[in-house]
Amino acid sequence: MTPPEECTSIDEIRHAIDTLDRTIIAALGQRFGYVKAITRFKQTAEDVAAPARYHQVLATRRDWAEEVGLSPDVIERMYRDLIAYFIDEELKLLKDREA
C-alpha cells in the first residue's frame, strides 16, 4: 500500500482503508478462533469472565493505543464490546459442552 502521505487521490486512500479494515476483521476472526479454543481450558462462567485477565487486557490495549497515537478511551470501548461478544460466545460453548 502507498503510505498515507504519498496517496494522490481519495480513491487510493479509500482503497487502503478498505484493505486495512479487511485485515483487521480477518485478525479478529483469528482472535475468535483462539477464544473458542480457550474454552477447552475453562470449566465455569467465572473462568470465562476471568475478571483479572479482563482488566489486564483493557489496560494493555489502552497502553498500546497511546503508543500509536490513538485515544485509549475509544480503544477501551471497542475492546469492551469485543470482549463482551466473545464472552457471550464462550458461555454458549461452555453451555453446549455441559449439555
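Quick note: structure is the one above.
Here the structure is a predicted model, which is why all the values come from computation and not from measurement.

What counts as what
Residues numbered from 1 in each chain as written. Predicted model: local features only at pLDDT ≥ 70, side-chain atom pairs only at ≥ 80, totals over all residues. Heavy atoms only, no water. Core = buried A, V, L, I, M, F, W, Y, C linked by side-chain atoms within 4.5 Å. Buried < 20%, exposed > 50% of the residue type's maximum accessible area, 1.4 Å probe, protein only. Helix = DSSP H or I, 4+ residues; strand = E, 2+ residues; numbered from the N terminus. Contact = heavy atoms within 4.5 Å. Salt bridge = Lys/Arg side-chain N within 4 Å of Asp/Glu carboxyl O. 1 Å grid on protein atoms, 1.4 Å probe; cavity = no way out; pocket = protein on both sides within 12 Å on 5 of 7 lines; lining within 4 Å. Points joined across faces, edges and corners; volume = space filled by probe spheres on them. Nonpolar A, V, L, I, M, F, W, Y, C, P; charged D, E, K, R; others polar. Expected span 1.5 Å × (residues − 1). Patch = residues over 30% accessible without salt bridge, like charges linked within 9 Å, V, L, I, M, F, W, Y side chains within 5 Å. Areas by Shrake-Rupley, 256 points an atom, 1.4 Å probe, with all protein chains shown as cover.

### Concerning the nonpolar core
Judged by nonpolar contacts, Val48, Tyr54, Val57, Leu58, Ile83, Ile87 and Leu94 together constitute the single largest core of seven residues. Elements with a minimum of two residues in this core: α3 (51-67) and α4 (72-98). Once residues lying within four places of it in the same chain are set aside, the contact partners of Leu94 are Lys42, Gln43, Thr44, Ala45 and Val48.

### A word on the pattern of salt bridges
Under the defined criterion, the tally for this structure stands at five salt bridges. With its nearest N and O atoms 2.6 Å apart, the salt bridge here joins Glu76 to Arg80. One end of the pair is Glu76 and the other is Arg80, both in helix α4 and four residues apart, which spans about a single turn. Looking at Arg80, the relative accessible area reads 36%, which means it is partly exposed. Salt bridges sharing partners connect three or more residues here, namely Arg62, Asp73, Glu76 and Arg80.

### Comments concerning the layout of surface pockets
Here the largest pocket is characterised by a volume of approximately 350 Å³. Among the elements of the structure, α1 (10-38), α2 (45-49), α3 and α4 are those that each provide at least two residues to the lining of the largest pocket. Looking at the lining of the largest pocket, its residues break down into eleven nonpolar, no polar and five charged.

### A closer look at α1
Compared with the 42 Å implied by 1.5 Å per residue over 29 residues, the 42 Å span of α1 between its first and last C-alpha is a close match. Among all positions in α1, only Ala16, Phe32 and Val35 are buried.

### Some remarks on a nonpolar patch on the surface
Side chains of Met1, Leu20, Ile24 and Leu28 sit close together on the surface and give an oily, nonpolar patch of about 380 Å² of accessible area. Considering the arrangement of structural elements, one finds Leu28 in helix α1.

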